[in-house]
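Coordinates in review
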There are 4 protein chains.
Amino acid sequence: MSKGTVILAYSGGLDTSCILVWLKEQGYDVIAFLANIGQDEDFEAARIKAEKLGAKKVFIEDLRSEFVEDFIWPSVQANAVYEDRYLLGTAIARPCIARSQVEIARREGAQFVSHGATGKGNDQIRFELTCYALYPEVEAPWSMDANLMHISYESGILENPKSHAPADLYLMTKNPEDSPNTPDVLEIEFGNGVPLKVTNVKEGKSKNSPLDIFSYLNEIGGKHGVGRIDIVENRFIGMKSRGIYETPGGTILLQAHLDIETFTMDKEVRRIKQGLGIKFSELVYNGFWYSPECDFVRHCINKSQENVQGKVQLSVFKGQVYILGRESPKSLYNEELVSMDVQGNYDPCDASGFIRINAVRLREHHRLQGVSSIKK
Amino acid sequence: MSKGTVILAYSGGLDTSCILVWLKEQGYDVIAFLANIGQDEDFEAARIKAEKLGAKKVFIEDLRSEFVEDFIWPSVQANAVYEDRYLLGTAIARPCIARSQVEIARREGAQFVSHGATGKGNDQIRFELTCYALYPEVEAPWSMDANLMHISYESGILENPKSHAPADLYLMTKNPEDSPNTPDVLEIEFGNGVPLKVTNVKEGKSKNSPLDIFSYLNEIGGKHGVGRIDIVENRFIGMKSRGIYETPGGTILLQAHLDIETFTMDKEVRRIKQGLGIKFSELVYNGFWYSPECDFVRHCINKSQENVQGKVQLSVFKGQVYILGRESPKSLYNEELVSMDVQGNYDPCDASGFIRINAVRLREHHRLQGVSSIKK
Amino acid sequence: MSKGTVILAYSGGLDTSCILVWLKEQGYDVIAFLANIGQDEDFEAARIKAEKLGAKKVFIEDLRSEFVEDFIWPSVQANAVYEDRYLLGTAIARPCIARSQVEIARREGAQFVSHGATGKGNDQIRFELTCYALYPEVEAPWSMDANLMHISYESGILENPKSHAPADLYLMTKNPEDSPNTPDVLEIEFGNGVPLKVTNVKEGKSKNSPLDIFSYLNEIGGKHGVGRIDIVENRFIGMKSRGIYETPGGTILLQAHLDIETFTMDKEVRRIKQGLGIKFSELVYNGFWYSPECDFVRHCINKSQENVQGKVQLSVFKGQVYILGRESPKSLYNEELVSMDVQGNYDPCDASGFIRINAVRLREHHRLQGVSSIKK
Amino acid sequence: MSKGTVILAYSGGLDTSCILVWLKEQGYDVIAFLANIGQDEDFEAARIKAEKLGAKKVFIEDLRSEFVEDFIWPSVQANAVYEDRYLLGTAIARPCIARSQVEIARREGAQFVSHGATGKGNDQIRFELTCYALYPEVEAPWSMDANLMHISYESGILENPKSHAPADLYLMTKNPEDSPNTPDVLEIEFGNGVPLKVTNVKEGKSKNSPLDIFSYLNEIGGKHGVGRIDIVENRFIGMKSRGIYETPGGTILLQAHLDIETFTMDKEVRRIKQGLGIKFSELVYNGFWYSPECDFVRHCINKSQENVQGKVQLSVFKGQVYILGRESPKSLYNEELVSMDVQGNYDPCDASGFIRINAVRLREHHRLQGVSSIKK
């Protein structure tokens, strides 16, 4: 008698293979689920391995386009950055994978989902919160961390926060010391705060679909060593951990989006939206992509992007992104107003009045508190 | 009969020379004031010029150390960045200069202060707000923008936000394309959130005083082309303008401070302090350095820095700053807790309980709203 | 030759009558505009007076329904309260009146608008900002404060913040000492966060249209002396002033809306929305109803109200509103989950895990900082 | 052989008596701890009962003064209100009790603490988080909810959120319908944002010590039926529950403190402090009184109270608190500036300039987006 069916997020690696075998031994039927979100992996080899280990069925889902459109694009709109530096690459992948896994679980009538994420990290939380949110009746049998030796080995070095990361750690980005000596110049066109097209200005090459755009930005960013960070971050559960990340395409998009957004968005709307973006980043980091508050914040951020359209030119070189210029039919930049040669309907006396009114409060404060409070 | 004495912030340039002459013509006594905050200028030549044009007295004040200690250091503590990118270099110089100018005005019994900042920009506001806050009885006679041809010429090109900045615009930073092909590796030691010492790891050279530290970081950052940005920003008065800035030393310090701060500061304190830092940046940008709210925010931020001490190693290369490692006696990073090999007193069951409690609300929401609300 | 046409917000009182005459003398054609937003006034007498004083035309507009639906209802959704106490009655009336005045100005081809609000208060700002936002080409000729004796007389007493307000000051609310000795019990039904119906439970009487509902709540609140406050507030321009307000219907709605909102809105959405409501209140107080940021905030708040529906029962008595109970088809309150007698699928062990995970950070902090930091 | 010593927070009631017996049966030595925080209880009877049931020792601690000074006063400074209505009475009692309990545990060398709070509520969290924060090595053996029949009976009615609360539920406050027909008028004097003295203006009676002041405000508030609320609130763990609270003294203090604070605190400092107060309320509600972030927030709030001093007159009547007037040597209210009869150094032209500068952005927005975006 089977104890029920488990949908296992399977990677083909040692950990999830052990979990597969262990779940079988415990009396479960196991369906292996492989999500392709762009990682470099031999999915057919993994399918064969899963079948050999006793998986009743194997599903391989190509989630790349929906990952870009449903998860990366909203993060670009939000300028999502956790603790001022981390671009949330892993954090947004988990709800994408878990959403698909839950769909399979519902379709196959499975009562259980399982995954290989450790009990100490954020990924278990992100995975399980998504599953509970989208499929409240589901259970997640405890995922043993069968063998983390390989990871532990690497972690071993990096766990000392003082140790420098080894040069061969990075997979997506070239070492800037070895990257090309001439920049690539890109033009990214935005509409509703998301990229519609990217053009390599010198080569004339361009990409139009979300997946192609993002892949191309990863390629160019990777070629020039863009987007490497080495940080200590605060996990949801409160402990600090060290993270080394490479986000080449995301880093280019963050810079370009910040530019076109400030160019086209009202100053005060931007301030409010900036706060919502910080909230969004925390929610996503903590695993609450599928929550009423994240739905609400995403809705509000999306609303703020209505006029965020236009083109940004930038160069990518030796680990850096340099904004070169921008244009937009929705620009709130008024060349005449800003020019020092043109007075327009800007009356300098108004500025004096503005300043004096702003100073009413400061003068009153000074009158009452005296100079003493101002100088330390 | 003199109409009174004016302290004029004098640069030696055409604009403020015209203002000096004009003020004399209007019947004021003029005292010229030159503030040395580290700019590249021939102060003695300016003194002679001011005297020739009829200045009653000339004061040259070396404000470099107090600029670093009283204005730059609090901004480092705050991770002060305006609109996600601008490091506020000009914005923090104004209150420093105006404070000194007001001191002279009080000492000399002058009723007026004057400056060359235009009526359309932020600098007039920053200058005048500081003067009113520190010397409420003072007046600031209207500063005519005598001749802005030179500036207008440059502005002319950059005022079109689409135009690329000319390569020879930058004064402090090398073009990263021409910068050295080997990185410099620095170790910065922090105490109370401000740098106490910087050491060039390979060369063994180190700097200890605030002014020396900051100057050295400017030198190294400049040599490697660090800290250039081209942005469109929102001025206090609501119009958008383009700004091109280079902040080599400030950019290195921002990265290093973010690193040591996250390493030593409690997660939730950091979140609250992050909000205060954004507020601080807006206040400073808008000219409210000397205001009750900025005093309050600075006090709170300074309190948050009590444990921000330790050393950060970083490399500077081709326009980028790469954090390499960090150590601190106040570290909240627990190598044992984070290790996957050590269970310690971390019980995996607790994580499951934590997740299930966090999911109570999500499940309830799902129960009531149905899947429809979650999938778009 | 006329200098042009002015639309004057005319009240029939001494101040605006003087302005009317003065504008005529200056050579303007004057169109008098009277807005009925529910104040107790003889509009026909005012029309005759305006015509006698030389108004070219007189428009009397009944704005009561649009005031309730377009301005009061969004404020109810926002729980709009300025500085924790003021319900913004005057602040939301100004943009309503100015919007209508601008419509007339456009229709009549008038280049000018005028009003009787003083140069020291918020109302001038609110009025003029609305006009500039909705009709950027308009001008507002300076409104002289012809004769403020009567107001000054009253102000004279209240300007001393220590003086108690005279008992006969209030117009809308009974003195609670003289109000009925038995409460009225109301049931208010909400949909999308605004009241759809109010029923007097004992009398069986009910009201359905926005204007009738709000008028009835004013009547009942006024009868029981609800909604009087005596505060010192911070005006936009930075000075403090004393305000005495009576908002009977608004106070009842605030309490009822807070209740049904917390009953039906997710906890974390509520937190974010609370911040947006504070922002909304500041914007409205400062005169920015018609601004991109207030549009944005209103949109987000309105989105948050989708599930805010249900019925609240409350009693009104001697200046107080007491919530008695509530029900809703969208309630997120789960009677079973909350009951101590029912375990349901809530496992007490989960709470322990939740607490221990929350304590990881606290224990680490204690381990490093010691007890000393906790006890003062 | 004893399994160790448990400090049990003992109330003398059925629940904690059962826990005492059960702990003994499990092989623990039990020390009973009774905290007097002002509740109406026969402590000597409880002592005898505990001894009879086998408690090894019994400690009765009078925590009333430290409860007022260390916990209530900081909450008054913060204007602490959870979800716009709840004054946090229970939430601030828990860390006070647990702090004392931990002190005894350390002194007696006990490894365990125990309490009678249920696993579904906030109180278990508040209790245990405090213990872990102050005594990281401690354990808290699971507290069985021996018999909650009595509570469940009452809860049974109130758990239906639609049911009205029975009239005899309230213990501290008179029903406003039966309260006196004449108000009491109080004058409360503040220093550093906390009450220093309360005087009954008519009777001439006054109180000076923190405990006496707070007890007297409870007495007067209770006599007039002040501070009753019936709300649905969001618990930390995400479920909604209904709460009926009476906070007579706290409600008077909240109103008085809001008044004197706005009178003496700079407008912009107040805005920042308001945000910190909301944060403080959430932290305290969730049990994080003893956390680095709550320490930090309390420090900042305390700093903001430096000038919050002066006297507030108010009347208390039929469930309401009416502010009548205020005075302060630190008032930022300038009677001359606010007066319409005195021009002072306030130039009406400045207001026009101020408004026009504020409108620059609005006009630009209108120019680009058109009227369509403003009218729905």
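Analysis parameters
Numbering of residues begins from 1 in every chain and follows the order in which that chain's sequence is written. The order in which chains are written sets their letters, starting at A; the order in which ligands are written sets their numbers, starting at 1. The model is predicted, so local features are restricted to residues of pLDDT at least 70 and side-chain atom pairs to those at 80 or more, both for listing and for counting; the totals for chains, interfaces and linings are taken over all residues. Water and hydrogen atoms were dropped before computing side-chain values, which therefore reflect all heavy atoms in the structure. UniProt positions are given in the numbering used here, feature names are shortened, and annotations may be inferred rather than shown by experiment. A least-squares fit on C-alpha atoms brings the copies together, and the residues used are those whose pLDDT is at least 70 in both copies. A contact between two residues is defined here by any heavy atoms of the two lying within 4.5 Å. A carboxyl oxygen of Asp or Glu within 4 Å of a side-chain nitrogen of Lys or Arg is what we treat as a salt bridge. Secondary structure counts use DSSP, requiring at least four H or I residues in a row for a helix and at least two E residues in a row for a strand, with both numbered from the N terminus. When a residue's accessible area, from a 1.4 Å probe over protein chains only, is under 20% of the maximum for its type it is buried; when over 50% it is exposed; and in between it is partly exposed. Each pair of strands is called paired provided DSSP finds at least two bridges between the two strands. To obtain an axis, a line is fitted to C-alpha atoms, over the contacting stretch when the element is a helix, and the angle between two such axes runs from 0 to 180 degrees between their N-to-C directions. Accessible area that two parts lose when put together, with a 1.4 Å probe and added across both, is what the buried area reports. Counted as a polar contact is a pair of N or O atoms within 3.5 Å, where, for protein atoms, one must be capable of donating a hydrogen and the other of accepting one, and residues adjacent in sequence contribute only when both atoms are in side chains. Residue polarity follows a fixed list, in which Ala, Val, Leu, Ile, Met, Phe, Trp, Tyr, Cys and Pro are nonpolar, Asp, Glu, Lys and Arg are charged, and the others, Gly among them, are polar. Each helix should span, by expectation, one fewer than its residue count multiplied by 1.5 Å. Here the aromatic set is Phe, Tyr and Trp, taking the six-membered ring for Trp, and pairing holds for ring centres within 6.5 Å; pairs whose planes are under 30 degrees apart are stacked, those over 60 apart are edge-to-face, and all others are tilted. Any angle from 65 to 115 degrees is called roughly perpendicular, while one under 35 is roughly parallel, one over 145 is roughly antiparallel, and all others are oblique. Disulfides are defined as pairs of cysteine sulfur atoms found within 2.5 Å of each other. The definition of a nonpolar core used throughout is a set of buried Ala, Val, Leu, Ile, Met, Phe, Trp, Tyr and Cys residues joined through side-chain atoms within 4.5 Å.

Chain A goes by Argininosuccinate synthase in an unreviewed UniProt entry, where it is assigned to Cyclopterus lumpus. Looking at the Catalytic activity (unreviewed entry) heading of the UniProt record, one finds this comment for chain A: "L-citrulline + L-aspartate + ATP = 2-(N(omega)-L-arginino)succinate + AMP + diphosphate + H(+)". The UniProt entry for chain A carries this comment under Subcellular location (unreviewed entry): "Cytoplasm, Cytosol".

Mapping chain C onto chain D calls for a rotation angle of 180° and an axial translation of 0.0 Å; the resulting RMSD is 0.0 Å. Both chain copies can therefore be described as sitting about a two-fold axis. By residue overlap, the copies meet face to face through one surface: 100% of the interface positions of chain C are interface positions in chain D.

Further remarks concern the pattern of salt bridges. For the structure shown, the criterion picks out 96 salt bridges over all chains. Residue E44 of chain A pairs with R47 of chain A through a salt bridge whose shortest N-O separation is 3.2 Å. Here R47 of chain A and E44 of chain A lie together in helix α2 (residues 43-52), a separation of three residues that amounts to about one turn. The partly exposed category is assigned to R47 of chain A, whose relative accessible area is 24%. The salt bridge partner of K267 of chain B is E268 of chain B, with a shortest N-O separation of 3.9 Å. Pair check on accessibility: K267 of chain B and E268 of chain B agree, each one buried. Taken together, the shared-partner salt bridges in this structure form one network comprising R85, D230 and R242 of chain A together with D259 and R326 of chain B.

Take the sheet that holds strand β1 (residues 5-9) of chain D next. Paired through their backbone hydrogen bonds, the strands of a sheet run either parallel or antiparallel. Residues and elements named next belong to chain D. The strand order across the open sheet formed by four strands is β3-β2-β1-β4, and the pairing between neighbours is parallel. Strands with a single pairing partner mark the edges of an open sheet, and in this sheet they are β3 (57-62) and β4 (112-114). Looking at each pair of strands side by side, their axes are set apart by 25° on average, direction ignored. As defined by bridge partners, strand β2 (residues 29-36) adjoins β3 across six bridges and the pair is classed as parallel. Bridge assignment links I31 to a residue of β3, and that residue is K57.

This part takes up the interface of chain D and chain A. Counting residues at the interface gives 24 residues for chain D and 24 residues for chain A. Across the chain D/chain A interface, buried area totals approximately 2,100 Å², and carbon plus sulfur atoms make up 59% of it. Area buried by chain D at its contact with chain A is led by D350, I357 and R361 of chain D, which between them contribute 25% of it. Applying the counting criterion to the chain D and chain A interface returns four salt bridges. Residue D350 of chain A pairs with R356 of chain D through a salt bridge whose shortest N-O separation is 3.0 Å. Along the contact surface separating chain D from chain A lie six residue pairs in polar contact (both at pLDDT 80 or more). Those elements that provide at least two residues to the side of chain D that touches chain A are α9 (267-285) and α12 (348-369) of chain D. The greatest single-element share of the side of chain D that touches chain A, amounting to 14 residues, is contributed by α12 of chain D. Among the residues forming the side of chain D that touches chain A, the class breakdown is eight nonpolar, seven polar and nine charged.

Another point: helix α7 (residues 210-223) of chain D. Residues and elements named next belong to chain D. Taking 1.5 Å of rise per residue, 14 residues should cover 20 Å, and α7 covers 20 Å from first to last C-alpha, within 8% of that figure. Within α7 the residues assigned to the buried category are L211, I213, F214, Y216, L217, N218, I220, G221 and G222. Directly after α7, the chain includes G225, whose backbone phi takes a positive value near 70°.

Time to look at the interface of chain C and chain D. Listed per partner, the contact involves 107 residues of chain C and 107 residues of chain D. With both sides pooled, the region where chain C packs onto chain D buries about 9,900 Å², and carbon together with sulfur makes up 57% of that total. Our count for the chain C to chain D interface comes out at 14 salt bridges. For the salt bridge of E83 of chain C with R271 of chain D, the shortest nitrogen-to-oxygen distance reads 3.6 Å. Viewed at the interface, chain D and chain C are joined by 40 residue pairs in polar contact (both at pLDDT 80 or more). For the side of chain C that touches chain D, the element with the highest residue contribution is helix α12 (residues 348-369) of chain C, accounting for 13 residues. Residues that form the side of chain C that touches chain D fall into these classes: 47 nonpolar, 26 polar and 34 charged.

Overall, the coordinates contain 42 aromatic pairs over all chains when judged by the stated rule. On the numbers, 5.6 Å between centres and 25° between planes, the contact of F354 of chain A with F354 of chain D is stacked. Here F354 of chain A, found in helix α12 (residues 348-369), pairs with F354 of chain D, found in helix α12, and the two come from separate chains. Its relative accessible area of 3% is what places F354 of chain D among the buried residues.

Residues and elements named next belong to chain B. Reading across the sheet, the four strands line up as β3-β2-β1-β4 and stay open at both edges, with parallel pairing between neighbours. Both edges of this open sheet fall to β3 (57-62) and β4 (112-114), since each of them pairs with a single strand only. Along the sheet, successive strands turn relative to each other by an average axial angle of 25°, direction set aside. The pairing of strand β1 (residues 5-9) with β4 spans three bridges and is classified as parallel. Counted as the bridge partner of V6 is F112 from β4. Taken strand by strand, helix α2 (residues 43-52) contacts β2 (29-36) and β3, and its axis lies near 160° from that of β3.

At a minimum axis distance of 7 Å, the contact between helix α10 (residues 292-304) of chain B and α9 of chain D shows a crossing angle of 35°. Residues P292, E293, F296 and V297 of chain B of α10 of chain B lie in contact with α9 of chain D, whose contacting residues are E268, V269, I272 and L276 of chain D.

Under the fitted operation, chain D is carried onto chain A by 0.0 Å of movement along the axis and a turn of 180°, and the coordinates agree to an RMSD of 0.0 Å. Here 100% of the contact residues of chain D are again contact residues in chain A; the copies associate through an equivalent surface.

The next point concerns the packing of helix α7 (residues 210-223) of chain C against helix α8 (residues 248-264) of chain C. The geometry of a pair of packed helices is captured by two quantities: the angle between their axes and the separation between those axes. Residues and elements named next belong to chain C. For the pair α7 and α8, the least separation of the axes is 7 Å and the interaxial angle reads 100°. Classed by the angle they form, the pair α7 and α8 counts as roughly perpendicular. Residues F214, L217, N218, G221 and G222 of α7 lie in contact with α8, whose contacting residues are P248, G249, G250, I252 and L253. When its residues are assigned to classes, the contact of α7 with α8 shows five nonpolar, five polar and no charged.

Residue and element names in this part refer to chain B. If you walk through the whole model with that rule in mind, you get zero disulfides over all chains. C131 takes part in no disulfide bond, and the closest cysteine sulfur, belonging to C96, lies 13 Å away. Residue classification places C131 among the buried positions, given a relative accessible area of 1%.

The next subject is the nonpolar core. By size, the foremost hydrophobic cluster in this structure holds 372 residues, and its most contacted members are L314 of chain A, L314 of chain B, L314 of chain C together with L314 of chain D. Setting aside residues no more than four positions away along its own chain, L314 of chain C makes contact with D184, V185, L186, I188, I252, A256, V321, Y322, I323 and L324 of chain C.

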